[in-house]
Amino acid sequence: MKLPVRILLSLLCAAMVVSSLFVVSSPSILEDALWEIQDELDSAAEESGFVSLFVASASAEETSEFSLPIDTSAGMKPDASSPTQLRTAYAGKTIKKDTTGLVTVMAKQHNAIVAINGDNYTNEKAKHSFIYRMGEKRQDKLNKQKDILIIDENGDFHTFVKSAGADKFEKDTGHKIVNAFMFGPALVQNGEVLTLDKEYNFNPNGREPRCAIGQLDTLSYVLVIADGRGNSGSDGATHKELAEFMASLGCKEAYNLDGGNSAIMVYNNEIYNYKARERDVADVIYFATAVPSEGN
């Protein structure tokens, strides 16, 4: 699959906890898994013709037991790059505040190891929206024109095409909605590339800068940015190309987020992908450490 696309990928093989403690018996287990995944990603990049591949590994101290609460508090200030929990943040002081800000600023405020833009819908006043951030509901009205991504208390992803069934998720599964996004489209479901809607919003068949998140396995995720426009050296990606790439990485579930000039990845407080200018957005998805620094 040859694509004229520059993909910047951050692979986070991290112990992510939202409601319970975690124990890592041996850091070498994570390191061995990361080397194996890195080999697979290198092969995928070579076959697909992608120009740049970025992998950020995560590990934890032996028998460490920490977790962050399900709320909008920041992660711990890290001593080292050790992302251990998936979280979200929004620019305003409350989820109902229609405020935007820079991803770099929000990442720094929340001690993010790595962060990407979210879906920007916390800043929208749509009558029919389905938005949750860190367990807090802004609105739970279905929009049949939109696909929804729900992340539950175990960190598992659930995609809903045309929003069908999203409103019954908690009742049907017994799981809690921690975060819910409605930009879309859903790209991969149960390991299979979805048949994508050719009429979906934001130029689905054109090559544009894109942003996506996927779940590989339990507590294992990928963040992908496809650059485009300007002097990035990339033509961007279509929804179909992005979906196929996410599936090639082994995603069980994958979802497209806000793209265009909003598509940005921040790693250790610096913009990683090409960005001529940073656009204000409403929210971010980020990984932070739950392990206190030695100074705390």
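The coordinates are above.
Let me sum up the structure you'll find in this document.

**Description of the overall build of the chain**
Next up, step 1: Within the chain, the regular secondary structure consists of 4 helices and 16 strands.
Next up, step 2: Taken across its 296 residues, the chain has 54% of its residues classed as buried.
Next up, step 3: Taking the contacts inside the chain whose residues are at least 6 apart along the sequence as the reference set, 75% of them involve residues at least 24 apart.

**Focus: the packing of aromatic side chains**
Next up, step 1: Scanning all chains against the criterion turns up 6 aromatic pairs.
Next up, step 2: Judged by centre distance (5.5 Å) and plane angle (45°), the ring pair of Phe130 and Tyr132 falls under tilted. No difference in accessibility class separates Phe130 from Tyr132, as the two residues are buried.
Next up, step 3: A centroid spacing of 5.7 Å and a plane angle of 50° characterise the contact between Tyr221 and Phe287, whose relative ring orientation is tilted. Highlighted residues: Tyr221 in strand β12 (residues 220-226) and Phe287 in strand β16 (residues 283-288), separated in sequence by 66 residues.
Next up, step 4: Over the aromatic face of Phe183 sits the side chain of Lys146, whose NZ or CZ is 5.4 Å from the ring centroid.

**Some thoughts on the side chain of Glu153**
Next up, step 1: Examined against the element boundaries, Glu153 turns out to sit in the loop between β6 (148-152) and β7 (157-160).
Next up, step 2: Lys176 provides the closest opposite charge to the buried, salt-bridge-free Glu153, at an N-O distance of 8.0 Å.
Next up, step 3: At a separation of 2.9 Å, a polar atom in the side chain of Glu153 contacts the main-chain amide nitrogen of Lys176.

**What about the sheet that holds strand β3 (residues 112-117)?**
Backbone hydrogen bonds are what pair the strands of a sheet, in a parallel or an antiparallel way.
Next up, step 1: Ordered in space as β2-β16-β3-β14-β15, the 5 strands form an open sheet in which the pairing is antiparallel. Edge strands, defined here as strands with exactly one partner in the open sheet, are β2 (85-90) and β15 (270-271).
Next up, step 2: Two elements, β2 and β16, share 6 bridges in a ladder whose sense is antiparallel. By the bridge assignment, Ala89 is partnered in β16 with Val284.

Calculation criteria
- Residues numbered from 1 in each chain as written.
- Predicted model: local features only at pLDDT ≥ 70, side-chain atom pairs only at ≥ 80, totals over all residues.
- Heavy atoms only, no water.
- Helix = DSSP H or I, 4+ residues; strand = E, 2+ residues; numbered from the N terminus.
- Buried < 20%, exposed > 50% of the residue type's maximum accessible area, 1.4 Å probe, protein only.
- Contact = heavy atoms within 4.5 Å.
- Phe/Tyr/Trp six-rings, centres within 6.5 Å; stacked < 30°, edge-to-face > 60°.
- Lys NZ or Arg CZ within 6 Å of the ring centre and 35° of its normal.
- Lys, Arg positive; Asp, Glu negative; His and termini not counted.
- Salt bridge = Lys/Arg side-chain N within 4 Å of Asp/Glu carboxyl O.
- Polar contact = N/O pair within 3.5 Å; in protein donor to acceptor, adjacent residues only side chain to side chain.
- Pairing = 2+ DSSP bridges.

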